[in-house]
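Observations on the model geometry
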4 protein chains.
Amino acid sequence: MTASPATAVDTPVEVRDTMRAAVLSKPGEIRIEQRPTPTPGPDEVLVEVAAVGVCGSDVHYYEHGRIGDFVVESPLVLGHEVSGRIVSVGAQVPRERIGQRVALEPGRSCRRCDQCVAGRYNLCRFMQFYGTPPVDGALADYVLAPSDLAFEIPASMTQETAALLEPLSVGIWACEKAGVTAGSSVLIAGAGPIGLVNVQVARALGATRIVVTDINRERLEVAAGLGATRTVLAGQQPGGPEFDCFIDCSGAAPAIDAGVRAVRPAGTVVLVGMGADVLTVPFGVVQQKELKLTGTFRYAHTWPTAIAMAEAGYVDLDALITSRFSLADTEKALQATSQPGQIKAVIVP
Amino acid sequence: MTASPATAVDTPVEVRDTMRAAVLSKPGEIRIEQRPTPTPGPDEVLVEVAAVGVCGSDVHYYEHGRIGDFVVESPLVLGHEVSGRIVSVGAQVPRERIGQRVALEPGRSCRRCDQCVAGRYNLCRFMQFYGTPPVDGALADYVLAPSDLAFEIPASMTQETAALLEPLSVGIWACEKAGVTAGSSVLIAGAGPIGLVNVQVARALGATRIVVTDINRERLEVAAGLGATRTVLAGQQPGGPEFDCFIDCSGAAPAIDAGVRAVRPAGTVVLVGMGADVLTVPFGVVQQKELKLTGTFRYAHTWPTAIAMAEAGYVDLDALITSRFSLADTEKALQATSQPGQIKAVIVP
Amino acid sequence: MTASPATAVDTPVEVRDTMRAAVLSKPGEIRIEQRPTPTPGPDEVLVEVAAVGVCGSDVHYYEHGRIGDFVVESPLVLGHEVSGRIVSVGAQVPRERIGQRVALEPGRSCRRCDQCVAGRYNLCRFMQFYGTPPVDGALADYVLAPSDLAFEIPASMTQETAALLEPLSVGIWACEKAGVTAGSSVLIAGAGPIGLVNVQVARALGATRIVVTDINRERLEVAAGLGATRTVLAGQQPGGPEFDCFIDCSGAAPAIDAGVRAVRPAGTVVLVGMGADVLTVPFGVVQQKELKLTGTFRYAHTWPTAIAMAEAGYVDLDALITSRFSLADTEKALQATSQPGQIKAVIVP
Amino acid sequence: MTASPATAVDTPVEVRDTMRAAVLSKPGEIRIEQRPTPTPGPDEVLVEVAAVGVCGSDVHYYEHGRIGDFVVESPLVLGHEVSGRIVSVGAQVPRERIGQRVALEPGRSCRRCDQCVAGRYNLCRFMQFYGTPPVDGALADYVLAPSDLAFEIPASMTQETAALLEPLSVGIWACEKAGVTAGSSVLIAGAGPIGLVNVQVARALGATRIVVTDINRERLEVAAGLGATRTVLAGQQPGGPEFDCFIDCSGAAPAIDAGVRAVRPAGTVVLVGMGADVLTVPFGVVQQKELKLTGTFRYAHTWPTAIAMAEAGYVDLDALITSRFSLADTEKALQATSQPGQIKAVIVP
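Note that the structure is a prediction, hence the values are computed from the model and not measured. (Residues numbered from 1 in each chain as written. Chains lettered and ligands numbered in written order. Predicted model: local features only at pLDDT ≥ 70, side-chain atom pairs only at ≥ 80, totals over all residues. Heavy atoms only, no water.)

**Examining the relation of the copies chain C and chain A**
The cut-off we apply is this: In this comparison the copies share one frame, found by least squares on the C-alpha atoms of residues holding pLDDT of at least 70 in both. Here, residues are in contact when the closest pair of their heavy atoms is within 4.5 Å.
Structural alignment of chain C on chain A gives an RMSD of 0.0 Å, achieved by rotating through 180° and translating 0.0 Å along the axis. With respect to symmetry, the two chain copies, as superposed, fit the operation of a two-fold axis. Looking at the rotation axis and the C-alpha trace of chain C, the residue lying nearest is Leu 205 of chain C, at 2.2 Å. With an isologous cut-off of 70% or more, the 100% of interface residues of chain C that recur at the interface of chain A puts this contact in the isologous class.

**Overview of the interface of chain B and chain A**
Heads up, the condition is: Throughout, buried area stands for the accessible area (probe radius 1.4 Å) lost by two parts on being put together, summed over both. The salt bridge definition used is simple: a Lys or Arg side-chain nitrogen within 4 Å of an Asp or Glu carboxyl oxygen. Under the rule applied, a polar contact is a pair of N or O atoms within 3.5 Å (in protein, one hydrogen donor and one hydrogen acceptor; residues adjacent in sequence only if both atoms are side-chain atoms). Here a helix means four or more residues in a row that DSSP labels H or I, a strand means two or more in a row labelled E, and each is numbered from the N terminus.
Contact with chain B, which involves 39 residues of that partner, is made by 39 residues of chain A. In total, about 3,000 Å² of surface goes out of reach between chain B and chain A, with carbon and sulfur atoms giving 54% of it. Among the residues chain B hides against chain A, the three largest losses belong to Phe 283, Gln 287 and Glu 290 of chain B. Together they make up 25% of the total. Of the charged contacts in the structure, one is a salt bridge between Arg 125 of chain A and Glu 242 of chain B, with a shortest N-O distance of 2.7 Å. Our enumeration of links across chain B and chain A arrives at 20 residue pairs in polar contact (both at pLDDT 80 or more). Those elements that provide at least two residues to the side of chain B that touches chain A are α4 (165-178), α7 (253-261), β17 (263-271), β18 (279-281), α8 (283-288) and β19 (292-295) of chain B. With five residues, α8 of chain B is the largest single contributor of residues to the side of chain B that touches chain A.

**As for the packing of aromatic side chains**
All names here are of chain A. Put simply, the test is: By convention, a stacked pair of Phe, Tyr or Trp rings (six-membered ring in the case of Trp) has centres within 6.5 Å and planes under 30 degrees apart, an edge-to-face pair has planes over 60 apart, and any other such pair is tilted. The rule is short: NZ of Lys or CZ of Arg within 6 Å of the ring centre and within 35 degrees of the ring normal puts a charge over the ring.
Tallied over the entire structure, the rule returns four aromatic pairs over all chains. Each ring, one from Tyr 299 and one from Trp 303, has its centre 5.2 Å from the other, and the planes form 65°; the classification is edge-to-face. Across the ring face of Phe 243, the terminal group of Arg 209 is positioned such that the distance to the ring centre comes to 4.1 Å.

**Focus: the pattern of salt bridges**
Per the counting criterion, the structure on display carries 72 salt bridges over all chains. Here the salt bridges do not stand alone but share partners, grouping Asp 114 and Arg 125 of chain A together with Glu 242 and Lys 289 of chain B into one network.

**Considerations on helix α4 (residues 165-178) of chain D**
All names here are of chain D. Rules: Each residue after the first adds 1.5 Å to the expected span of a helix. Exposure is judged per residue with a 1.4 Å probe applied to protein chains only, and the accessible area is read against the type maximum: over 50% gives exposed, under 20% gives buried, and values in between give partly exposed.
For α4, spanning 14 residues, the distance from its first C-alpha to its last is 19 Å, which sits close to the expected 20 Å at 1.5 Å a residue. Of all 14 residues in α4, twelve are buried, a share of seventy percent or more. Within the span of α4, buried status applies to Leu 165, Glu 166, Pro 167, Leu 168, Ser 169, Val 170, Gly 171, Ile 172, Trp 173, Ala 174, Cys 175 and Ala 178. In the stretch just after α4, Gly 179 is the one whose phi turns positive, near 75°.

**Some words on unusual backbone geometry**
Residues and elements named next belong to chain A. Cis geometry marks the peptide bond from Pro 133 to Pro 134, where omega comes out at 5°. Considering the arrangement of structural elements, one finds Pro 134 in the loop between β10 (128-129) and β11 (142-146). Even without being a glycine, Ala 266 presents a positive backbone phi close to 65°. Assignment of secondary structure puts Ala 266 in strand β17 (residues 263-271). Judged by its relative accessible area of 11%, Ala 266 falls in the buried class. The backbone of His 301 sits at a positive phi, close to 65°, despite the residue not being glycine. Within the secondary structure layout, His 301 lies in the loop between β19 (292-295) and α9 (303-312). Using a relative accessible area of 35% as the deciding quantity, one classes His 301 as partly exposed.

**Concerning the environment of Ile 210 of chain C**
Residue and element names in this part refer to chain C. Among the structural elements, Ile 210 can be located in strand β14 (residues 209-214). Taking the C-alpha atoms as reference points, Ile 210 and Gly 90, 120 residues apart in sequence, are found 46 Å from one another. Setting aside residues no more than four positions away along its own chain, Ile 210 makes contact with Val 186, Ile 188, Val 199, Ala 202, Arg 203, Gly 227, Ala 228, Thr 229 and Arg 230.

**Quick look at the sheet that holds strand β2 (residues 29-36) of chain D**
The test is simple: Strands are treated as partners if at least two bridges between them are detected by DSSP.
With antiparallel pairing, three strands are arranged side by side in an open sheet as β2-β1-β6 (chain D). Here the strands that pair on one side only, and so sit at the sheet edges, are β2 and β6 (76-77) of chain D.

**So, the pairing of strand β16 (residues 243-248) of chain B**
All names here are of chain B. Quick note on the threshold: Looking down the strands as they point away from you, a crossover is right-handed if its path from the first strand over the helix to the second goes clockwise.
Taking burial as the measure, the six residues of β16 include five buried ones, the bulk of the element. Sheet topology note: the β16/β17 ladder contains five bridges and is parallel. Following the sheet pairing, Cys 245 is matched in β17 by Thr 268. Regarding the hand of the β-α-β motif, the stretch spanning β16, α7 and β17 is right-handed.

**Looking at the relation of the copies chain B and chain A**
In this structure, two copies of a chain are linked by a rotation about an axis accompanied by a shift along it. When chain B is fitted to chain A, the best match, at an RMSD of 0.0 Å, comes from turning it 180° and sliding it 0.0 Å along the axis. The overlap is high: 100% of the interface residues of chain B also sit at the interface in chain A, so the same surface is used on both sides.

**Some words on the sheet that holds strand β17 (residues 263-271) of chain C**
This is how it is decided: Where helices are involved, their axes are fitted lines through C-alpha atoms of the stretch in contact, as for all axes, and angles between N-to-C directions lie from 0 to 180°.
Spatially, twelve strands are ordered β15(C)-β14(C)-β13(C)-β16(C)-β17(C)-β19(C)-β19(D)-β17(D)-β16(D)-β13(D)-β14(D)-β15(D) in an open sheet, and the strand pairing comes out mixed. Each of the sheet's edge strands pairs with one partner strand only, and the pair in question is β15 (230-233) of chain C together with β15 (230-233) of chain D. The average undirected angle you get between the axes of adjacent strands in this sheet is 15°. In terms of strand pairing, strand β13 (residues 185-189) of chain C meets β14 of chain C through five bridges, oriented parallel. When the sheet's bridge partners are listed, Val 186 of chain C is paired in β14 of chain C with Ile 210 of chain C.

**Some words on the interface of chain C and chain A**
Put simply, the test is: In the scheme used here, Gly and all other residues not listed as nonpolar or charged are polar, with Ala, Val, Leu, Ile, Met, Phe, Trp, Tyr, Cys and Pro taken as nonpolar and Asp, Glu, Lys and Arg as charged.
Every contact between the two is made by 14 residues of chain C and, on the other side, 14 residues of chain A. Both sides of the chain C and chain A interface together cover about 1,100 Å² of buried area, and 65% of this is carbon and sulfur. Sorting the residues of chain C by area buried against chain A places Ala 182, Leu 205 and Tyr 314 of chain C first, and these three jointly supply 43% of that buried surface. Connecting chain C to chain A are zero salt bridges. Here chain C is connected to chain A by six residue pairs in polar contact (both at pLDDT 80 or more). Secondary-structure elements contributing two or more residues to the side of chain C that touches chain A are α5 (193-204) and α9 (303-311) of chain C. The biggest single contributor to the side of chain C that touches chain A is α9 of chain C, with three residues. In terms of residue class, the side of chain C that touches chain A is built from eight nonpolar, five polar and one charged.

**Comments concerning the side chain of Asp 43 of chain C**
Examined against the element boundaries, Asp 43 of chain C turns out to sit in the loop between β2 (29-36) and β3 (44-53). Its relative accessible area of 18% is what places Asp 43 of chain C among the buried residues. Among the polar contacts listed, one links the side chain of Asp 43 of chain C to the side chain of Ser 147 of chain C, at a separation of 2.8 Å. Excluding its chain neighbours within four sequence positions, the residues that come into contact with Asp 43 of chain C are Arg 112 of chain B together with Gln 92, Val 93, Ala 145, Pro 146 and Ser 147 of chain C.

**Thoughts on the domain arrangement of chain A**
All names here are of chain A. Applied cut-off: Segmentation of the chain into domains, including their bounds, is taken from an automatic or database domain assignment.
According to the domain assignment, chain A contains domain 1 (18-164 + 317-347) and domain 2 (170-295). Domain 1 and domain 2 are separated by 28 Å when their C-alpha centres are compared. With nine residues of domain 1 at the interface, the matching set in domain 2 holds nine residues. For the pair domain 1 and domain 2, the two sides together bury roughly 740 Å², of which 66% comes from carbon and sulfur. Taken together, the links from domain 1 to domain 2 amount to zero salt bridges.

**A look at the pairing of strand β1 (residues 18-26) of chain A**
Residues and elements named next belong to chain A. Note: β1 against strand β2 (residues 29-36), eight bridges, orientation antiparallel. Paired with Met 19 across the bridge in β2 is Arg 35. Direction of pairing for β1 relative to strand β6 (residues 76-77): antiparallel, over a ladder of two bridges. By the bridge assignment for β6, Val 23 is matched with Val 77.

**A look at the environment of Gly 99 of chain C**
All names here are of chain C. Its location among the elements puts Gly 99 in the loop between β7 (81-89) and β8 (101-104). For the pair formed by Gly 99 and Ala 202, sequence separation is 103 residues and the distance between their alpha carbons is 34 Å. Leaving out residues up to four positions away in the same chain, Gly 99 has contacts with Arg 85 and Ile 86.

**Quick word on the packing of helix α4 (residues 165-178) of chain C against α9 of chain C**
All names here are of chain C. Our working rule: The labels follow the angle: roughly parallel below 35 degrees, roughly antiparallel above 145, roughly perpendicular from 65 to 115, and oblique for the rest.
Where α4 contacts α9, the axes come no closer than 9 Å and their chain directions differ by 105°. Taken together, α4 and α9 sit at an angle that is classed as roughly perpendicular. Residues Leu 165, Glu 166, Leu 168, Ser 169 and Ile 172 of α4 pack against Trp 303, Thr 305, Ala 306, Ile 307, Met 309 and Ala 310 of α9.

So this is what it looks like as structure tokens:
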């Protein structure tokens, strides 16, 4: 019933010939389909999926069928926050890795273009990224990954935590761009999952003042519990001195305008939230204060750091999980995020 | 007739008790007034003004009486691109400096605020800057300066060149922020005086591709003569590969939008031109390419570099001068800049 | 009995006309002398000393009368880790500051030289530093300080903790130079007071692997209690993968040699410990790995960060204190550091 | 007589089945051997070698059979400064490239290790580098290269110039590490080929003071002709103010000691010359001035810059060539470098 080379190792691993996949057939419709289980290429591993976090971009594709220039033109498997267990390996991968519990980095870069060679593989010109059209994601029983993007996780780490290393990576990348360090004063707009990991990463990096704004009081309470030193309802003044940096995780124009104005001279603005294509910025403020403004697009080199931070207890990823679903209930999971009190749903195939 | 301590040195310098000053009495009106010659404080020098370049900001104050939040509310002496000769010194300044030919850095910072102590004195919270309300500038026979902002110039440098070390500083600062280096590919919008110094500084820093855009064909020809490898009429495509950086010296929204879109992933955008307070930016591009966007506000630590570059012949500041005026003709000088074919006017008291 | 302006405020502060000072009259001899209490200059404050930490450099001056080029040629008051209370202020300082509890930054820079203007005031060419010949330190009842080097401390912070913000600053500066950040792997040689603050700062900055070496098992135990993830007796191999950075707080040639060899390609080496003037370095390793090696000399801009970190509980400075002495017992305090089990002595006038 | 796919293009290129190679059979002995011409792998190109510069490391292997840990244990083809013409391509390479004139980057990195992925491929843990044991170099009629390491050169560039883009890359890399920029003051020890390219690159980057030291007056004259603003016999004082950076291209301990001492606070020291494995450094100076010291190991990302700089005329590589040899005379070329008046020999197969 299985042709996997895994039968050769001490703890044989069974790999089924077919697998279920949650397929976005059209906007607003997820179908559970049977598909052939893929076979790893020479440098690939086949991973039995254990947990998949639901990201706002998954929900956006589900609802609208597109994000900016990325359009879902044929059936697509979503899901890019993934953990699991290696059940089969390609010819160039040590067979000892079979059975290993892993977190997956979801972007497969070309390793050849100018951006890859420069060490900025997140900006790869030929990136293939789970659940971004036309590349299938991980909402399935199995998924393939290049061997070096499957990072072994410690025995003490749960699979759910491991799946959430992806949003943690977003926070690590943003805080690094923002230059957060010991004694930093940080303003964060948006207390959704990405805002909340930024709060925790900023805290772990030694920030001593972390102010969070959101329109949702409930989420602000969560932020306070995870390390925010002050929370402020969107539209109200954060008060106090200027901030060293402002990290936008809201994508909301008024929040960005207010945030830019709240930063000290030579401070930093990092735009994480995917908002409108075009944005109105207080240009005079950027010039007169010589602010440094940038955006983040995914992340690079973050998984080892993310694993070490979660393992050390510097961040609490489980605190973000507010609901769990089976693969069969993927559609419910995609609808859950907009419910009151929800932060992060996890699908456990 | 003079009480100057200069009488004590070998080459006595005569300092008149009164001086002429070109005063902006109201928008559109310059009056030549007699004022008492000021006396240097302990750490100051009195400089007999030899040359003053006319800057776009001088013209803007002359025409509109304000720039953004800076409003001319009482009579103001303009002029901040200044060179001259030290004719008198305060008690703490070596008397040997009397007679020295100097270029003046026009901004007097507090040396105490957080920005000054951090080495970013251009962002000083208490800056006093020549010709910026309510601080008088240098369009007069004499002007005071802190001793360390009066930089000795080489014997081979003319006073006119020395006055233009100020716009050169703007270019040095912008190219430094842009990260221009050997082999850089640079897009510059605007071929006015600031655009043209940026062309020259980029060339001096080893840039090998320098594309300049402007609406004015005549200015583009000057840019080509000063080192641009290609010139393009505004609105047309620059063509070729992406740029490492984009330096805006136009303040024009369409130029900024086009420039931001022309930069390579992880490239740099520097906004030098003072344009609108609020600006619409292609936000999605900044995020997906992780562009680094910043603005410049004046400059810091640039005079020694500017002097050395001009002395080495790496830049040709005299090429920018298209007309010369006496102090009595200050008003004509302020009106000259808008004439066809004009780039930079210099006033020689 | 007092001419202090403090008599004018609501909570009058009494300032005695004379004060005790612990004077290093010659190597190995401390005398308690009576001296006139100094009067603050216009921008100075007079601080009643509450706590002074004993630093290894104090001990070195006491024992040898010199550190490198700095020679004690006339009687000198030691002590530069200082906290206290403002009891009198100069004319330019708000009288409201009288009564304020403060930590003192011990170095008075010139604010004028190239290094100061560049923001590197720790490298000031005319630095006056407490307890460094010929400048008197703070082992006295009162000490003068520039108003902006007297940092208000929170009500919850003890004066002893406040005095130890100085060694904390050394650690902040070293870890910043080393580039310690989330997920960093850090090797620290030396578990004296400076090594121990580096352990804590590295931990607060998100380092997840912190290996400490020392010749003293007892100190290694303290290091383990303060955040080291592993401790190793000097001379033994730290094991495991290469380190992102190596921070030397030992000044010991073998430790430095081993540390340099243990760093990953493009990693960082920071030399904090003041050791020999000349050092033999594995040059080939520095080249083939393109290591970045630097040293630290005091610190700059660290007090606000240090206060915030201590207040947030990110570091435990009190854990370093192993003995307390009165001002009269200064000599005993200087002799205490070499006792077994001693880490840091504090003198409480 | 040829099986090359080149027969298919319009301008057929003949590739001989066998080729000559200059083989280092043992220290001090070069033999010209016939070898089969290699066949390009899928992503490789076969290059007919046009010019090979002789590097000091080639001479060192020829004379001593080793450099540090790299030992010549079997016959080795030297040569890593290479230009030529593509005569055959692998299956994945566009056939249009056949006939292209190219400069070759000599190091084939793994593209997979931590250093490669981080953008530091020069520090690749599995680097294969022309002429470094056990990898054969380019002193032959033909050589293979990965397609993306064969950079097309402009029609106006000679093959000899193209070969010397390799030492130019060494200079670009060193000056970048040193932070040379407009107005920099640079001290360079050693006026051999590497010192001389550093002079030219520093000049091209806008340095305004470039002082060169060497023991050889003749070489100093060449340095003066290529942009040094002052030359100094080794052992004599360079005079003048402190330098922003010191670039060692001598590997000589006294030069390094003197150079480190001549740098300003917070300045930079870059060690390019491969000297002793262990070096004595003025440690106290590094600490008290917080100098930043690093070494360079090859280069990364420099070929496009090098081509653009040479094409723009910012550097004159031909000025370095003092002798030319045929492949048959490789041994004479290796012996030529130590002759008086010689700087760089080029072998033209």
